[in-house]
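What follows is the residue order along each chain.
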Amino acid sequence: TKSAGGRDVRFFEQNMQAQLEARRAIQAELRGALERRELELYYQPIFSLSDRSIVGFEALLRWHHPERGMVSPVDFIPVAEETGLIIEIGDWVIQQACADAARWPSGVRVAVNLSVLQFEKANLLQVVRDALHSSGLPARRLELEITESVLLKEDEATIQTLHQLKALGLRIALDDFGTGYASLSYLRSFPFDQIKIDRSFVQDLGVRADGALIVNAVAELAQKLGMETTAEGVETSEQLRLLQEAGCTQAQGFNFGRPNPASQVMRYFADAMQR
Ligand code: C2E
Ligand code: CA
Ligand code: CA
Ligand code: CA
């Protein structure tokens, strides 16, 4: 009936209002989070599938909120992007990740996630250069992860920045591969070092009859293009086996290790030495 519909609309509006308010609260609180030292980088190991050695760690942002507890980046990165705070936070992530990684065994890389908005400010190249310089981290040990949204802009300045970053000697990875719109064409628009195969495809392995099809195809294509492949979200030894069969070069997931604070990173190397 009409009145029930009216109630639905009102409920919907109240719900939207509540969501808006929650978002505004996060916005206001996120503004001071950096200064209050509530942000921290966790690190998740990335393993070589040929010899199971650790090739690097992905830096994943965490927000320790005084009342809400741990807030997921899925909830606060979009807010940081809307407010422009992602620039300040993103700069801090790059600096902190380089400083942490400079203390790791030589050869071990750090992978840092970049927001598309960080490419809209002209100084990204300088921020990365400064972080490498002040930390002393060799450029080849830094990998920057970008998503298709960066390439979707199709603007000259972005592609030029990517080439300039690569010229510093660091690596560029295409993150969440396969989840966007026109993935394959992007592989021709830039010489990526690494393709990260999204967790959704890894989940299909051993579950669907055609589960290995996409992973096999991507791994083969990457190999032909001279790019490495990291499978994301590897949770079972069955997935691991099928990824190895597919010719993936690296893997990352709860099967190997969860994201942990920087203070826990050295443990992985101690464990590896005991094996
Ligand atoms: P992402 O870059 O795709 O990162 C991988 C996500 O998968 C991480 O979630 C990680 O904790 C999770 N993960 C890893 N292994 C497994 C697994 O075996 N099973 C499952 N179910 N999940 C797994 P997290 O840490 O919550 O980060 C979510 C997203 O937030 C990231 O997705 C990335 O897009 C964004 N993000 C995180 N840190 C940063 C950052 O410093 N800057 C920017 N711009 N974005 C970030
Ligand atoms: Ca990533
Ligand atoms: Ca990813
Ligand atoms: Ca993702």
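Criteria and thresholds
- Residues numbered from 1 in each chain as written.
- Chains lettered and ligands numbered in written order.
- Predicted model: local features only at pLDDT ≥ 70, side-chain atom pairs only at ≥ 80, totals over all residues.
- Heavy atoms only, no water.
- Donors = N, O, S within 2.8 Å, 3.2 Å for Na, K, Ca; no water.
- Buried < 20%, exposed > 50% of the residue type's maximum accessible area, 1.4 Å probe, protein only.
- Helix = DSSP H or I, 4+ residues; strand = E, 2+ residues; numbered from the N terminus.
- Arc of directions from axis to C-beta.
- Contact = heavy atoms within 4.5 Å.
- Phe/Tyr/Trp six-rings, centres within 6.5 Å; stacked < 30°, edge-to-face > 60°.
- Lys NZ or Arg CZ within 6 Å of the ring centre and 35° of its normal.
- pLDDT = per-residue confidence, 0-100.

Enquirer: Sorry, what's going on with the coordination of the calcium ion (ligand 2) here?
Expert: Any two of four tetrahedral donors ideally make an angle of 109.5 degrees at the metal, while pairs among six octahedral donors ideally make 90 or 180 degrees. Taken together, the protein donors to the calcium ion (ligand 2) comprise E58 (OE), N113 (OD1), E145 (OE) and D175 (OD), at separations of 2.1 to 2.3 Å. In primary-sequence terms, the residues that donate to the calcium ion (ligand 2) follow E-x54-N-x31-E-x29-D. Given the relative accessible area of 1%, E145 is considered buried.

Enquirer: What is the right way to look at helix α9 (residues 211-224) in this model?
Expert: Three or four residues apart is the spacing at which side chains of an α-helix point the same way, because the helix has 3.6 residues per turn. Among all positions of α9, only G211, V215, V218, A219 and A222 are buried. For α9, the buried positions fall inside an angular range of 100° around the axis, keeping them on one side. When the buried face of α9 is taken as reference, the exposed residues oriented beyond 90 degrees from it are L213 and K224. Those residues of α9 hidden inside the fold are in contact with β6 (171-177), β7 (194-197), α8 (199-203), β8 (228-231) and α10 (237-246). Once α9 finishes, G226 follows within two positions and takes phi at roughly 75°, a positive value.

Enquirer: Is there a simple way to think about the packing of aromatic side chains in this case?
Expert: Tallied over the entire structure, the rule returns seven aromatic pairs. Each member of the aromatic cluster is reached from another via a ring pair, and the members are Y43, F57, W104, Y268 and F269. Against the face of F254 rests R258, its NZ or CZ located 3.9 Å from the ring centre.

Enquirer: What is the right way to read the coordination of the calcium ion (ligand 3) from this model?
Expert: Within the protein, the atoms that donate to the calcium ion (ligand 3) are D175 (OD), D176 (OD), E232 (OE) and E232 (OE), at distances of 2.2 to 2.5 Å. As a motif over one chain, the donors of the calcium ion (ligand 3) read D-D-x55-E. Separating the calcium ion (ligand 3) from the calcium ion (ligand 2) is a distance of 3.8 Å, and D175 supplies a donor atom to each of them.

Enquirer: Just checking my understanding: could you explain the confidence of the model for the protein chain for this structure?
Expert: Atomic detail in the predicted coordinates should be set aside for any region of low pLDDT. Per-residue confidence for the protein chain averages 91 on the pLDDT scale, and 96% of its residues sit at or above 70. This complex was scored by the predictor with a pTM of 0.93 and an ipTM of 0.98.

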